[in-house]
Amino acid sequence: MRTRIACLGDSLTRAQFSVDYLDLLQRRHPPGAVHLARFGANGDFAYNLFRHLDAVVADPPEVITVLIGTNDARASLAGYPIERTMTRKQLPQRPSAGWFQQCLGGLVERLRTQTDATIGLLSLPILGQQLDGAAAQASQTYSRLIAEVATTGGATYLPLHERQIEELRHADPPPIPYRELTPAAGLGVLVRHAVLRHSLDTISRRRGLVLTTDHIHQNSRGAALVAEVIDTCLLNQSA
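In this text the structure is predicted, and so the values were computed from the model without any measurement.

Can you walk me through the pattern of salt bridges in this structure?
Close approach of charged atoms allows side chains of opposite charge to pair. By the definition in use, this model includes 14 salt bridges. A salt bridge links aspartate 20 to arginine 38; the shortest N-O distance between them is 2.8 Å. With aspartate 20 in the loop between helix 1 (11-14) and helix 2 (21-27) and arginine 38 in strand 2 (residues 34-40), this pair connects stretches of sequence that are 18 residues apart. The network of salt bridges with shared partners includes Arg163, Glu166, Glu167, Arg221 and Glu228.

Right under this line is the structure:
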């Protein structure tokens, strides 16, 4: 029996700048066992995803995964271009932890009431790789908010953040400071990957990064952890 899965999120799910965790999740199952549908848009906040659920509820799958909040967490950091982002993503108010939790809660409520799907909320990948840095702490804070929404909203909490912390501690990575991703830097990664044919893992390795290509988007090691957590903590439990 084939399981239909909708994966909702932002650029990590769209996989233009990240290694594709949907592909890695597909490979963990026999051919034809799962059918994955991708719903990811670059730069989305929880607010944007909440407003674009019609396609998901119109043809609901058996399982829905949600990986959102990285941009909400980034917006809490110094140096993030708040005003420009609010215009580009048409945000009606400044991003905040409370608004993120409100939007995510509304998203879960709609999926729960308008579908019969099993819903899994992933905590966030670590921002950067300094566990005591402001970026990593922001991703931890927002992951705790996700856990609260899952508990109160009747969804399954998928501990990606905790799994990545474990991986980073084991790797003992160099303390490379977090840098906010600029449009030029993002374009540079895309050119090196799509035009010059450098793998995302090569880009990551040259920068000394363990789980990401740019402190945000996932390399193969980071994306494999996303697939692992979805599979072991949600799909295997739902089988």
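Having seen it, we continue.
Please explain the packing of aromatic side chains as it appears in this structure.
To describe a pair of aromatic rings, you give the distance between the ring centres and the angle between the ring planes. Summed over the entire model, instances satisfying the criterion amount to 2 aromatic pairs. When the ring of tyrosine 47 is compared with that of tryptophan 99, the centres are 5.2 Å apart and the planes differ by 35°; the resulting orientation is tilted. You can see tyrosine 47 sitting in helix 3 (residues 46-50) and its partner tryptophan 99 sitting in helix 7 (residues 97-114), a full 52 residues away along the chain. Overall, tryptophan 99 belongs to the buried group, its relative accessible area being 7%.

What exactly am I supposed to notice about unusual backbone geometry here?
What you tend to see is this: most non-glycine residues have negative phi, and most peptide bonds are trans. In this structure, glutamine 90 is a non-glycine residue whose phi angle is positive, near 55°. Inspection of the secondary structure puts glutamine 90 in the loop between helix 6 (82-88) and helix 7. For glutamine 90, a relative accessible area of 65% gives the class exposed. Within the chain, aspartate 172 stands out as a residue other than glycine whose phi angle is a positive 50°. The topology assignment puts aspartate 172 in the loop between helix 9 (160-171) and helix 10 (183-195). For aspartate 172, a relative accessible area of 63% translates into the label exposed.

Is there a simple way to explain the side chain of asparagine 71 in this structure?
Tracing the backbone through its elements, the reader meets asparagine 71 in helix 5 (residues 70-74). A polar contact is formed between the side chain of asparagine 71 and the side chain of arginine 74, at a distance of 2.8 Å.

Help me understand the side chain of serine 18 in this model?
Here serine 18 is to be found in the loop between helix 1 and helix 2. Here the side chain of serine 18 touches glutamine 218 through a polar contact of 2.9 Å, landing on its backbone nitrogen. When sequence neighbours within four positions are dropped, the list of residues in contact with serine 18 reads Leu12, Leu200, His217 and Gln218.

Teacher, can you tell me more about helix 7 here?
An α-helix turns once every 3.6 residues. As a result, residues three or four positions apart point the same way. With 18 residues, helix 7 extends 26 Å between its outermost C-alpha atoms, agreeing within 8% with the 26 Å of an ideal straight helix rising 1.5 Å per residue. The complete set of buried residues in helix 7 reads Trp99, Phe100, Cys103, Leu104, Leu107, Val108 and Leu111.

Could you clarify how one ought to interpret the sheet that holds strand 3 (residues 63-67) in this entry?
Picture the strands of a sheet paired through backbone hydrogen bonds; they go either parallel or antiparallel. Ordered in space as 2-1-3-4-5, the 5 strands form an open sheet in which the pairing is parallel. In this open sheet, the two edge strands, each paired with only one partner strand, are strand 2 and strand 5 (156-158). Geometrically, the sheet is characterised by an average inter-axis angle of 20° between neighbouring strands, direction not taken into account. Bridging between strand 1 (residues 3-9) and strand 2 involves 7 bridges; their strand directions are parallel. In the sheet register, isoleucine 5 faces strand 2, and the bridge partner there is leucine 36. Each of strand 4 (118-122) and strand 5 is contacted by helix 8 (residues 134-153), which is oriented at about 160° to strand 5, the strand it contacts most.

The rules we used
- Residues numbered from 1 in each chain as written.
- Predicted model: local features only at pLDDT ≥ 70, side-chain atom pairs only at ≥ 80, totals over all residues.
- Heavy atoms only, no water.
- Salt bridge = Lys/Arg side-chain N within 4 Å of Asp/Glu carboxyl O.
- Helix = DSSP H or I, 4+ residues; strand = E, 2+ residues; numbered from the N terminus.
- Phe/Tyr/Trp six-rings, centres within 6.5 Å; stacked < 30°, edge-to-face > 60°.
- Buried < 20%, exposed > 50% of the residue type's maximum accessible area, 1.4 Å probe, protein only.
- Polar contact = N/O pair within 3.5 Å; in protein donor to acceptor, adjacent residues only side chain to side chain.
- Contact = heavy atoms within 4.5 Å.
- Expected span 1.5 Å × (residues − 1).
- Pairing = 2+ DSSP bridges.
- Axes fitted to C-alpha atoms, helices over the stretch in contact; angles between N-to-C directions.

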